[in-house]
Amino acid sequence: MRRLLVISAALVCALFAAGCGNKQETVTLGETEGIYLDIDHLKYQVQISRYMNPNDVEDRAYLAGLPSSTSQPGGDETWFGVFLRVQNTTDETIAPANDFQIVDTQEKVYRPIPIDTNVNPFAYKPDPIPPKGLIPEPDSAASENTIQGSLLLFKVKTESLQNRPLEFRFKRGSGTEGVVDLDV
């Protein structure tokens with residue numbers, strides 16, 4: 001009987017200890033695209049990043065809505081798109097990240113080019129996300145295409161593409177910074 005009591009107590013302790021290990025870690029760094037990052041109560045995922053070719057039919061749609069003052073990339077530059085998905089799993093409305101940059105290993109910083117969201121349905125729009133909501137919104141052009149992410153467009157020097165990994169950094173206000181190594 002005493003032996004049964006000791007074994008039972010050991011099992012209870014083991015179950016209790018195993019339960020303590022179930023707490024999920026907050027992830028703010030992704031060593032590759034596709035990892036979900038937990039930043040300020042929202043889940044962010046870089047769906048894909050890639051070069052953008054203005055001569056490609058699909059990419060022309062992604063490049064719509066650029067300000068008229070925006071010059072096309074020169075011979076030493078390229079368009080580079082980061083497609084982002086943001087999920088609000090809470091019961092409250094939360095504003096998503098609105099501060100983005102790509103940084104190469106030489107600390108060269110690139111900021112996104114503003115895109116008119118009234119013209120380009122794929123452009124990232126940092127509107128507050130309702131409870132259990134998503135960016136891009138379900139049933140939108142951005143969520144229904146093969147990438148299923150909203151576009152942040154950068155003009156990047158081609159030499160920076162050799163200074164890898166490129167880091168995609170983002171945050172909202174003075175909140176926690178998320179960092180993803182882009183697959184270039």
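Scroll up to find the structure this text is about.
Residues numbered from 1 in each chain as written. Predicted model: local features only at pLDDT ≥ 70, side-chain atom pairs only at ≥ 80, totals over all residues. Heavy atoms only, no water.

Trainee: Give me the environment of Arg-169: which residues, what numbers.
Mentor: Relative to the helices and strands, Arg-169 resides in strand S9 (residues 167-171). Each C-alpha atom of the pair Arg-169 and Leu-29 lies 9.4 Å from the other, and the pair is 140 residues apart in sequence. Excluding residues within four positions of it along the chain, Arg-169 makes contact with Asp-99, Phe-100, Gln-101, Val-103, Glu-107, Glu-177, Gly-178 and Val-179. Within the structure, the side chain of Arg-169 is placed 2.7 Å from the side chain of Glu-167, a separation counted as a polar contact. (Helix = DSSP H or I, 4+ residues; strand = E, 2+ residues; numbered from the N terminus. Contact = heavy atoms within 4.5 Å. Polar contact = N/O pair within 3.5 Å; in protein donor to acceptor, adjacent residues only side chain to side chain.)

Trainee: How would you sum up the pairing of strand S8 (residues 150-157)? Please name residues and give values.
Mentor: The buried count for S8 comes to seven of eight residues, which makes it a mostly enclosed element. In terms of strand pairing, strand S4 (residues 77-88) meets S8 through eight bridges, oriented antiparallel. Along S8, the bridge assignment pairs Phe-80 with Phe-154. (Buried < 20%, exposed > 50% of the residue type's maximum accessible area, 1.4 Å probe, protein only. Pairing = 2+ DSSP bridges.)

Trainee: I'd like a description of the pairing of strand S5 (residues 99-103), backed by residues and values.
Mentor: Across the five residues of S5, four count as buried, placing the element largely inside the fold. By the bridge criterion, five bridges tie S5 to S9 in an arrangement that is antiparallel. Looking across to S9, one finds that Phe-100 is bridged to Phe-170. Two strands pair when backbone bridges link them, and S5 and strand S6 (residues 109-110) are joined in this way by two bridges, in the antiparallel orientation. When the sheet's bridge partners are listed, Val-103 is paired in S6 with Val-109. What sits between the antiparallel neighbours S5 and S6 is a turn of five residues, in which Glu-107 has the positive phi angle 65°.

Trainee: Explain the pattern of salt bridges to me, and be specific about the residues and the numbers.
Mentor: Following the criterion strictly, the structure yields eight salt bridges and no others. As a salt-bridge pair, Asp-40 and Arg-172 come within 3.7 Å of each other at their nearest N and O atoms. Taken together, the residues span a long stretch of sequence, with Asp-40 in the loop between strand S2 (37-39) and strand S3 (42-52) and Arg-172 in the loop between S9 and strand S10 (178-181) at a distance of 132 residues. With a relative accessible area of 27%, Arg-172 lands in the partly exposed category. Residue Asp-127 pairs with Lys-125 through a salt bridge whose shortest N-O separation is 3.7 Å. A relative accessible area of 39% places Lys-125 in the partly exposed class. (Salt bridge = Lys/Arg side-chain N within 4 Å of Asp/Glu carboxyl O.)

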